[in-house]
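One-letter residues, chain by chain:
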Amino acid sequence: MNHFSPFSQLRYLLLILLFWLGCGMVLPDTLSGAPNDPLLEAADVNGDRYSDLIFSTGSGAIAIHINQQNGSFALPQTLIPQSAPVGAILPTTITNKTKDDLLFFYPSNAAFEFKKNADLVTGALESAIQGLGAGAEAMAVGYASVPVVAMGFSGSQTIALLERSSLGWDAPTVLAAKAPVWDVRFLDLEQDGSDELLALCGMEKQSLLIYKKTTRLARLEWKLDRQIDLKLTGYRHFHAGQWNKESGLDLFLWNEG
């Protein structure tokens, strides 16, 4: 599973170009000459409303560069959560609405939550959630009454949902997609503060499944709300949004390579 798409490469190069041209500064060593498939994400981990940089070379330590609010970044604070290469870095507001937590996913797709604070010194990594996401094609983070992580599987044709309550991670919920799941996204389609889950499924006849969290017998449950037949084939990734004011939902689909 390769999370370093051409769009990520372009963003990575643009960031380097902007720093070099706009600030006249030399990038920290950890942000240059990265081997493997580097990952670079922006997230406000200290709650000052300035984007910090979270960087991984694809193996070893994860470097967190705090934005100094003047176009420069502090020397990195490093995390070494696992010896395995990092497969994805997902910023999300799990424990705090003004600061980003960080979920790290690995080839085995164990999930970590990073608890941060203003200087990260007392931040701690929770115990790994092992095995649940092994073989996942895609992962996404959203919010539907509580923070939720979704993982899509092509082999088992299922989606696993991991929700975060006040007591910690709940037992996973598994949704049957009845087709290989290639990509997942969260989007608040109804603008009610609760995300719907969108899943790109199928091979020769692809469709977009939309799941919604609804109340059933006084309990909140994820249910398939509708299915959109795309009349497309072979796509593995998508973005969703409303880019045309006359449409309710627009899709942008692509493949890597």
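Structural data are supplied above this passage.
I will try to describe carefully the structure that is included in this document. (Residues numbered from 1 in each chain as written. Predicted model: local features only at pLDDT ≥ 70, side-chain atom pairs only at ≥ 80, totals over all residues. Heavy atoms only, no water.)

Another aspect to go through is the sheet that holds strand β15 (residues 196-201). Whenever strands of a sheet pair, they do so through backbone hydrogen bonds, lying parallel or antiparallel. What the four strands build is an open sheet, ordered β14-β15-β16-β17; its pairing is antiparallel. At either margin of the open sheet sits one strand with a lone partner, and together these are β14 (181-187) and β17 (219-229). Recorded for the sheet is a direction-independent mean angle of 25° between the axes of neighbouring strands. Here β15 runs beside strand β16 (residues 207-216); their pairing, made up of five bridges, is antiparallel. Residue pairing across strands places Leu200 opposite Leu208, the latter belonging to β16. (Pairing = 2+ DSSP bridges. Helix = DSSP H or I, 4+ residues; strand = E, 2+ residues; numbered from the N terminus. Axes fitted to C-alpha atoms, helices over the stretch in contact; angles between N-to-C directions.)

This paragraph deals with the side chain of Glu221. Relative to the helices and strands, Glu221 resides in strand β17. Residue contacts for Glu221: discarding those within four places in its chain leaves Lys212, Lys213, Thr214 and Arg216. (Contact = heavy atoms within 4.5 Å.)

Spatially, four strands are ordered β1-β2-β3-β4 in an open sheet, and the strand pairing comes out antiparallel. This sheet does not close on itself; its edge strands, each paired only once, are β1 (39-43) and β4 (77-79). Averaged over all pairs of adjacent strands, the angle between strand axes in this sheet comes to 20°, irrespective of strand direction. Relative to strand β3 (residues 62-65), strand β2 (residues 52-56) is paired through four bridges, and the arrangement is antiparallel. By the bridge assignment for β3, Ser56 is matched with Ile62.

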